[in-house]
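# Per-entry structural report
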Amino acid sequence: MAEITASMVKELREKTDAPMMECKKALTEAGGDMAKAEEILRVKLGNKATKAAARVTAEGIVGVHLSADGKLASMIEVNCETDFVAKNDEFIALAKRLAGLVAENSPADVAALSAMDLGGATVEETRSALVGKIGENMSIRRFVRCQAEGKLASYVHGGSKIGVLVDVVGGDEQLAKDLAMHIAASKPKSLDASGVPADLLETERRIAVEKAREAGKPEAMLEKIAEGTVQKYLKDVTLLGQVFVKAEDGKQTIEQLLKAKGARVAAFALYVVGEGIEKKQSDFAAEVAAQAAAAAAKR
């Protein structure tokens, strides 16, 4: 049996917001497997244990470049250590310049972008110089470049913490703007069910079965219950299945909205700064105590 340490319990607590004792029990039951422990908590506590999925933990901004004709766009995430630097004018300007560079040159990856010329110096040299000037590390995390099938719309929100590009075929400018804002607010994982990874669906199905079983539902009903749960999940995480945030009746889905407007979404991209990155948490008091104890031990 794997040893369940206090740091493991703390990590699971931060990821799920579940009570400490529940975290310890889940880790013990899972034999120390963090992912399995999260599943166990979701079975026992429901959606209260999904806090980590939406938490933003790293700093930085999303930079967006959109051509005047709406046919070409790019979006880039540039990270830094603190929100203070994320608001720095030079840092913001760098992200915007990099977005433009991506749109113009279509680099294959971050390494290729870093080697490109940016006003007489490479992107990497420019980044390093700004790090030296500001005194804080920064990095280029990811970017996307889109050529429209229809016309592209962009939207940035929350001090450039969330960025959206959406390619809309048909409709009008207001529809495209509304769709971009909806995506920023509702954060779909894909356009439709075909884009949702099979492992996510299997996880939802497995959790639904275990929750139904614990609730005492008959074995013969478990698969039907699980299928209903998966379908509800798909409505929640696919753009076409989501209820439009501005729907007057609170029921109209994006799919229904598009049909009414004679339009369709060819593709979209969504960046949330720091998504999936765990930011190192520091405890100043604990650090001081540890340093004091170490100094005392040397005497």
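A few points on the structure. Computed from a prediction, not measured in an experiment: that's the story for all the values here.

Here helix α9 (residues 173-186) is 14 residues long and its end C-alpha atoms lie 20 Å apart, about the 20 Å a rise of 1.5 Å per residue gives. Where α9 is concerned, the buried positions are Leu-175, Ala-176, Asp-178, Leu-179, Ala-180, His-182, Ile-183 and Ala-184. The distance from a side-chain oxygen at the start of α9 to the backbone nitrogen of Gln-174 is 3.3 Å, and the residue carrying that oxygen is Asp-172. Just downstream of α9, Lys-187 is the residue with a positive phi angle, here 50 degrees.

Scanning the model with the defined rule gives zero aromatic pairs in all. When the ring centre of Tyr-271 is taken as reference, the NZ or CZ atom of Arg-142 above it lies at 4.1 Å.

What follows covers the sheet that holds strand β2 (residues 72-80). Taken together, the three strands give an open sheet; going across it, the order is β1-β2-β3, and neighbouring strands pair in antiparallel fashion. Of all strands in the sheet, those bounded by a partner on one side alone are β1 (59-66) and β3 (138-147). Averaged over all pairs of adjacent strands, the angle between strand axes in this sheet comes to 15 degrees, irrespective of strand direction. With nine bridges connecting them, β2 and β3 associate as antiparallel partners. Looking across to β3, one finds that Ala-73 is bridged to Cys-146.

Spatially, β4-β5-β6 is the arrangement adopted by the three strands of the open sheet, whose pairing is antiparallel. Each edge of the open sheet is held by one strand with a lone partner, namely β4 (151-157) and β6 (264-272). Between one strand axis and the next, the sheet turns through 15 degrees on average, direction left out of account. The strands that α9 touches are β4, β5 (162-169) and β6; relative to β5, the one it contacts most, it runs at about 140 degrees.

Inspection of the secondary structure assignment puts Lys-10 in helix α1 (residues 6-16). Its relative accessible area of 44% is what places Lys-10 among the partly exposed residues. Residues Lys-10 and Met-20, spaced ten residues apart in sequence, show a C-alpha to C-alpha distance of 7.5 Å.

If you walk through the whole model with that rule in mind, you get 15 salt bridges. Across the pair Glu-77 and Arg-141 runs a salt bridge, and its minimum N-O distance is 3.3 Å. With a gap of 64 residues between them, Glu-77 in strand β2 and Arg-141 in strand β3 connect regions that are remote in the sequence. By relative accessible area, which is 0% here, Glu-77 ends up buried. A residue is classified by how much of its surface remains accessible, and Arg-141, at 30% relative accessible area, is partly exposed. In this structure, the salt-bridge partner of Glu-149 is Arg-264, at a minimum N-O distance of 2.2 Å. With Glu-149 in the loop between β3 and β4 and Arg-264 in strand β6, this residue pair connects regions lying 115 residues apart in the sequence.

Conventions and cut-offs
- Counting of residues starts from 1 at the beginning of each chain's written sequence and follows it residue by residue.
- With the structure being a predicted model, the display of local features is reserved for residues of pLDDT at least 70 and the display and counting of side-chain atom pairs for 80 or more, all residues being used for whole-chain, interface and lining totals.
- Side-chain metrics rest on all non-hydrogen atoms present in the structure, leaving aside hydrogens and water.
- Per the convention used, a helix needs a DSSP run of H or I reaching at least four residues, while a strand needs a run of E reaching at least two, with both numbered from the N terminus.
- Under the convention used throughout, the expected extent of a helix is 1.5 Å for every residue step, that is, one less than its residue count.
- For the exposure calls, accessible area comes from a 1.4 Å probe over protein chains only, and a residue counts as buried if that area is under 20% of its type's maximum, exposed if over 50%, partly exposed in between.
- In protein, a polar contact means a hydrogen-donor-capable atom and an acceptor-capable atom, both N or O and within 3.5 Å, with residues adjacent in sequence counting only if both atoms are side-chain atoms; elsewhere, any N or O pair within 3.5 Å suffices.
- Between the rings of Phe, Tyr and Trp (Trp by its six-membered ring), a pair exists once the centres lie within 6.5 Å; its type follows the angle of the planes, with under 30 degrees stacked, over 60 edge-to-face, and the other angles tilted.
- For a ring to carry a charge above it, either NZ of a lysine or CZ of an arginine must fall within 6 Å of the ring centroid while also lying within 35 degrees of the normal to the ring plane.
- Paired strands are those between which DSSP finds at least two bridges.
- Only the stretch in contact is used when a helix axis is fitted, and all axes are lines through C-alpha atoms; the angle between N-to-C directions ranges over 0 to 180 degrees.
- A contact between two residues is defined here by any heavy atoms of the two lying within 4.5 Å.
- Between Lys or Arg on one side and Asp or Glu on the other, a salt bridge is scored when a side-chain nitrogen of the former is within 4 Å of a carboxyl oxygen of the latter.

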